[in-house]
Amino acid sequence: MVTTRLKLTAQLSTLIYLLTINSLFAQNLDNLLSDKNRIAFGNYLFCEHDYLRAIDEFDFVLKTQWDDSLQFKIATSYYRMMLFDRAYIEFKKIQVNSLLFKQSQYEQYRTLFMSNNYVLLQKVIDNSTSKSEIPLELLHLKNSSILLRDIQLPLKNGFISAFGKDDRTKISEFYDWKYDLPYKSPALATIMSAIIPGSGKIYAEEVGDGITAFLLTGLFTYLAVDKFQNNHNSSGWLYSSIAAFFYAGNVYGSATAVQNYNAGIKFNFDREVKIFINDRNQFLPTPKHLCN
Amino acid sequence: MFAFFISFISTNKAQNLEMQKSYADSLFQSERFFDAITEYKRLQFFSNSEEYNYSSNFKIALCYKAGAKYDDAIKYFNIAKTNSNNVQDSINTELQIIRTNILRRTIPEALSLLKQIDEKYPNKIDSSTINYWSGWAYILNDDWDLASKEFEKINNLHPLKTLADSVDSEKYSVTFAKVSSFIIPGSGQFYTGNYLSGIMSLGWDILWGYLTINAFVTDRAVEGILIGSLLWTRFYKGNFQNAERFAVERNKEISNKAYQYLAKKYIGEKP
Amino acid sequence: MKIVVFILLISPIFISAQTDWYRWGKANINYSSQQNLANEVPKKNVSALSVLKDGYSFFISDLDGDNCPFYPTCSSFYIESISETNIFKATLMFADRFTRDSNLFKTHEHYPKHISGRLYDPIGNYLLTDSIVVYYSREEFIK
C-alpha cells in the first residue's frame, strides 16, 4: 500500500517536473528568444563578423515575418564569408518594391564580379535598365570586367571615355597592356630548341633549364660519337638513345614552358586589374546602415 | 502546486538568464559545442551585469578547446581571466591557457607560462601541479627524458614517469644510424631493423663503386665521372638518408604508440 | 589564386571570427604527431603500370635518396602522365621533367609551393593543351 503510494507520488512528481520544464523552455525563454531579441542578438553577431550565427538568428525570424533588411544582412553575411554563389541567390530575393532593391542589385553585381562570373555580370548589367543608357558606375564595372575576359576589346576611345578623369590613365594603360599582352610563341620555342637544344627554354625565360638541357644533350651526344668512333657500337646506341631522349624532351618542354610563361603573363595582368577594380570598390556605392 | 506554476510563468529577467545559462550548459554537456557557444554569447549579450562574464567566456573557451580551435580558446580564456571574480578562478584560467598551449604544441609558451604562474601566485598552487603540466608539455614536445624528470619530482613511481622512461629507452639514435651508414653502407638500416633495405643499399653501392673505379682504371674518365656523380653518389646519399629516415620513423612510431596509450587508456588528468 | 587577391584585400577587416564560418564539431584529440602530408599521388588503377612502379620503387627510388624536389615526384609524374596520355607523349613529358629536375641552377622560385613542402608541378600544365594550363600564385601553398 505504502509502496504504491510512493510510486504514484514519484510518477506524479516526474510529470510535474516535465510539465514545468516544458513551460520553462516554451514560455520563459520567450523573452530572450522573441523576434525582437533575436534581431538584436543577430545584429550584434553580424557586427562581430560572426556571420553564420547571425544568419541562424535572422533566418529564424524570417520564418514568421518578412523583413527585407534582415534578408539583406543574410545575403551580406554570405558575401563576407566569401560564399558568393549563395550570396547572389540571397540578394536576388529582395523584390523591386523594397527600399533596399537598388542596393541589393549593386551587391548582386559585386558578387558576380567577385566570383569571376564576368559573362553573367555583363549580361545582367545590360538587362538591368529599361532605358538605353546604362548608369555610369555600372558602365565602369562592365568595361573594366571586359578587361578580364578573353574577348576582343571594343574601340579604345569609347571604352576609356566612359571613365572619370582620375581613372582614365590607368584604364588606358590596362587597355594597351591587354591589347598587346607580351605573350611568347610556343611554336618559335619549339623550333629554337630543335635547332639549338635549350635555346627555346631560354626564350621562355627558363635559363637554368635551358643550359641544363644543352649540357645533357651535348654530353650524351659527345659520348655516343666517341663510342661509335671507337667501334663500341652497343654503348654508342645506348648513349645516342639517351641523347635523343633529352633532345626530344627539351623540344617538347620548350613549348610547354612557353605556355606556362604565357599563363603567368595573363595571371599577372588579371591580378593587377582586379586589384585596381577592388581598390575602386568595384565602382559601386557601399551599402549603408549595416554596422556603425 | 498552482502557485508553483504561476511563479515560473511570470519569471523575471534574472531567472530568464539563469534558464538560458542552464540551456547553454546542457548543450555543452551534450557536446554540441558550436551551438553552445551561440547560447553563451546570447547569455552574455542579454545580461547587462557582469555576473556571467567570467563563466560564459570560460565555457566558450572550453568549447573551442574541445573543437581543437586552440587560438580562439586561448583568446576567450584570456577574456575570462580579466573578468575572473577570485584568485582561484584566475589560477584555473591560467592553467587552462597553459593546457591549451600544450595541446596547440606551443610548448615554449606553455613552459614560460608555467614558470610565471609559479611566481605570480606564491603558495597558491601545488608544485606537483606545475611539475605535472611541465611533464605533459615535454611529452607532447617528444622530450621524454625531460618529461620523466618532471614526473619524478612528483613521485618516483609516477605512472607517467614509468611511461616516459620506457619510451626514452626504446628510442633509436638518429645520429648513430646515420653515421654508421656513412661508414658502412646499410649498417644503419640494420640497426633500425630494415635488413632488406640495408642489404640492397650495400649491393648498389658496391656495384656503382666498382663500375666507377673500373671506368677510371680502363681510361674511360668521362664515363667514370658520369657513373660516379650520377649513380654512385646518388645511392650512397640515399643510403645514409634512408638510415636517418628509418630511425626517425621508428622513433615516431614509438612516440605515437605512447600517445595513443595516453589518449585512450590513461585515466589521469589530461591537457 | 583569385581568392588570394580577394583575401589580401578583405582580410584586415574580416580576419576575426573565421573559425565559426562553418559548423565544426568535437575534435578527436589523440596527441599523435602530425600525419605525414601526402607526398604521393593517390594510386590509380593501372595494373601493369603499378607493377612496374612498385618494382621501380623497391629497387631504385626507395634506395637512391630524396632527389625529387617536386610534387608529384618524378616517377608518379611519369605514371600519371602515361595514364592520362600515351606512352610516347608521357616519355617526352618525363624527359622534360627530368631535365628540369636536374637543373643545375635550382630555380625553385619558378614554381608554386605545395603544402608538402615540395614544388608543385602538376601534369595538367605539361599536356601541351594551352587552355588547361593553370598559373598558381607563388604566394600561397597549394593543397
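Residues numbered from 1 in each chain as written. Chains lettered and ligands numbered in written order. Predicted model: local features only at pLDDT ≥ 70, side-chain atom pairs only at ≥ 80, totals over all residues.

**Regarding the overall build of chain B**
- Along the backbone of chain B there are 14 helices and zero strands.
- Starting at the N terminus and walking to the C terminus, you meet the elements of chain B as α-α-α-α-α-α-α-α-α-α-α-α-α-α.
- Relative to the globule expectation of 18 Å for 271 residues, the C-alpha radius of gyration of chain B, 29 Å, shows a markedly less compact shape.
- Over its C-alpha atoms, taken along the principal directions, chain B stretches across nearly 110 × 40 × 35 Å.
- Counting every position in chain B, which comprises 271 residues, the buried fraction comes to 39%. (Helix = DSSP H or I, 4+ residues; strand = E, 2+ residues; numbered from the N terminus. Rg over C-alpha atoms; globule rule 2.2 N^0.38 Å. Buried ≥ 20, exposed ≤ 12 C-beta atoms within 10 Å, placed from the backbone.)

**Thoughts on the domain arrangement of chain A**
All names here are of chain A.
- With domains assigned, chain A is organised as domain 1 (129-178) and domain 2 (186-277).
- Averaged C-alpha coordinates put domain 1 and domain 2 at centres separated by 41 Å.
- Each partner contributes to the interface: domain 1 provides seven residues, whereas domain 2 provides five residues.
- When residues in the side of domain 1 that touches domain 2 are grouped by element, the largest group, four residues, is from helix 11 (residues 165-179).
- The residue inventory of the side of domain 1 that touches domain 2, partitioned by class, reads four nonpolar, one polar and two charged. (Domains from an automatic or database assignment. Contact = placed C-beta atoms within 7 Å. Nonpolar A, V, L, I, M, F, W, Y, C, P; charged D, E, K, R; others polar.)

**Some words on the domain arrangement of chain B**
- Each domain of chain B was delimited in the assignment, giving domain 1 (16-149) and domain 2 (174-261).
- A separation of 48 Å is found between the C-alpha centroids of domain 1 of chain B and domain 2 of chain B.

**Re unusual backbone geometry**
- A cis amide bond links Tyr71 of chain C to the next residue, Pro72 of chain C, at an omega of -5°.
- Structurally, the position occupied by Pro72 of chain C is in the loop between strand 1 (70-71) and helix 3 (74-84).
- One non-glycine residue, Asn116 of chain A, lies in positive phi territory at about 60°.
- Tracing the backbone through its elements, the reader meets Asn116 of chain A in the loop between helix 7 (101-114) and helix 8 (118-128).
- With 17 C-beta atoms packed within 10 Å, Asn116 of chain A lands in the partly exposed category.
- The phi torsion at Ala68 of chain B lies on the positive side, around 60°, for a residue other than glycine.

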